[in-house]
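Structure assessment
Given next are the chains, with one letter for each unit.
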Amino acid sequence: MKPIKSNRRSTGIQRIDLAYAKLASSHVARDINRDVVLELIRTRQPVSRADLARISGLQPSTVSAIAEQLIEEKWVTEGAAAKRPRGRRPTLLSLNGNMVILVADIRPNQAIAAVIDLNGRFLERQTLPLVADPERGVQVLIDCMKRMLANHAERSVEGIGLSLPGRVDPMKQTLILSPNLPWSGYDIKGAIEKEIALQVEMDNAANACLLSELWFGRMNGIRDAALVTISEGVGTAILANGLLVTGRAGLAGEFGHIPLDPSGPKCSCGRSGCWEVYASSRAALKYFAELRPSDARLTIFELINLAENEDADAITALNRQASFLGKGLRMITTALSPEVILLTGGLTSSWSRFGPLVEAELAESMLGTTPPRIEVTADVELARLRGAAALVLQRHSGAKRSMTDERKAKAVRARKSRAAAPGASGSVAAKPNRRKDGVRFATRP
Ligand SMILES: [Zn+2]
């Protein structure tokens, strides 16, 4: 995949934000170093400890200590000795190809479950029908994941990642806003963790896709970006100053539910005329159904296919969607001024045809500067699944762990002071850190 070039000087290290170093306790610094080393192993594997020290600028002893930790935690394996003309032949480090993550991309009508390794390679993938009832729907997913675990019993499973078509409260890890799938409020994480003793991480599809670009993709050096998913709805994820913005209760970035016309058609969120009512794949299908009611039961891919075959009504419908997509991107640009806007899904698979219209709409009313670059990821399915894996990787990586360690320490202090108060009661349930069948399970909440 071609990297997206940043206008700014690249640090060569992805995901790591120096603003974070302001927290600078010694274990935060250690975890940042750990992330830097892990990132370098991922991008340069197989690589020697000496090369890691040279590239990172860290002391060789620091690199060795981190490497031992990563090997012990099973993120990294030690492989063959490097060929050198003379002297000691160092052994090379690579990501552990035996460690995998169970993932699922949950959509309003179907879910895709997969097993994916640390390099983003798919070992198994399966599409499942989904029902509106959350308990039954989640059970279908659990049964599939159990089959997948049995198929890959010889591997270490790091955790479960879910990409969802709605907003997830990052603290409570519950789905709190999901206009196109009636699962809000249902404890998806709890239901899965009860039956499969692996930790579940979940986030909305747009955040997952943006994380996928950060972990496996092309974002090297880019610190300000927005990613827009175009499917049944329109979702947005924001990278600002190098950090993923979630906002209070994880609700930042709901541009899809900002009205373009308050007197417009009803939206699934309950209000009227939201951007997604005009710019989603569902909107394009509606435009087409208005032009040709007899052919109303198409999928978006069939509609795009018709347009590729020069069907005039299909082109009109998708042009209308593209125009509204560009109008909405103006909101994002005005609010955030990103360097790049990444688009995934729907009409991006026919970008040479519809892209120029989107870009023209966006360019029409820029404030004082040129429009951001637009890049498309046509294969939204892969992006969402890799993003679900990145959720687990991110949660279990060093930097994130320190933040949650601090949060945990704060919670313990609060609990202690509550327990000390007269009449207080409360209990702390311990989480299992090992599955009964011996498969490794990292507990780093
Ligand atoms: Zn809405």
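Above this note sits the structure.
Residues numbered from 1 in each chain as written. Predicted model: local features only at pLDDT ≥ 70, side-chain atom pairs only at ≥ 80, totals over all residues.

Comments concerning the overall build of the protein
In terms of helices and strands, the protein carries 13 helices and 15 strands. The buried share of the protein, taken over its 445 residues, is 41%. Looking at the protein alone, contacts between residues at least 24 apart form 62% of all its contacts between residues at least 6 apart. (Helix = DSSP H or I, 4+ residues; strand = E, 2+ residues; numbered from the N terminus. Buried ≥ 20, exposed ≤ 12 C-beta atoms within 10 Å, placed from the backbone. Contact = placed C-beta atoms within 7 Å.)

Here's the deal with the sheet that holds strand β4 (residues 99–106)
With mixed pairing, the five strands of this open sheet are ordered in space as β6-β5-β4-β7-β10. Two strands bound the open sheet, and with one partner strand each, they are β6 (122–129) and β10 (200–204). Neighbouring strand axes in the sheet, compared pairwise and without regard to direction, differ in orientation by 15° on average. With five bridges joining them, strand β7 (residues 156–164) and β10 adopt parallel strand pairing. Across the sheet, residue S163 finds its bridge partner in β10, namely D203. Sheet strands in contact with helix α6 (residues 205–216) are β7 and β10, and its direction is about 105° off that of β10. (Pairing = 2+ DSSP bridges. Axes fitted to C-alpha atoms, helices over the stretch in contact; angles between N-to-C directions.)

Re unusual backbone geometry
Cis geometry is adopted by the peptide bond preceding P46, which originates at Q45 and carries an omega value of -10°. Mapped onto the fold, P46 is located in the loop between α1 (26–44) and β1 (47–48). In this structure, A249 takes a positive phi of about 60° despite not being glycine. Structurally, the position occupied by A249 is in the loop between β13 (243–245) and α7 (275–279). Given 15 C-beta atoms within 10 Å, A249 falls into the partly exposed group. The phi dihedral of E310 falls on the positive side, at around 65°, and the residue is not glycine. With respect to the helices and strands, E310 occurs in the loop between α9 (300–308) and α10 (312–336).

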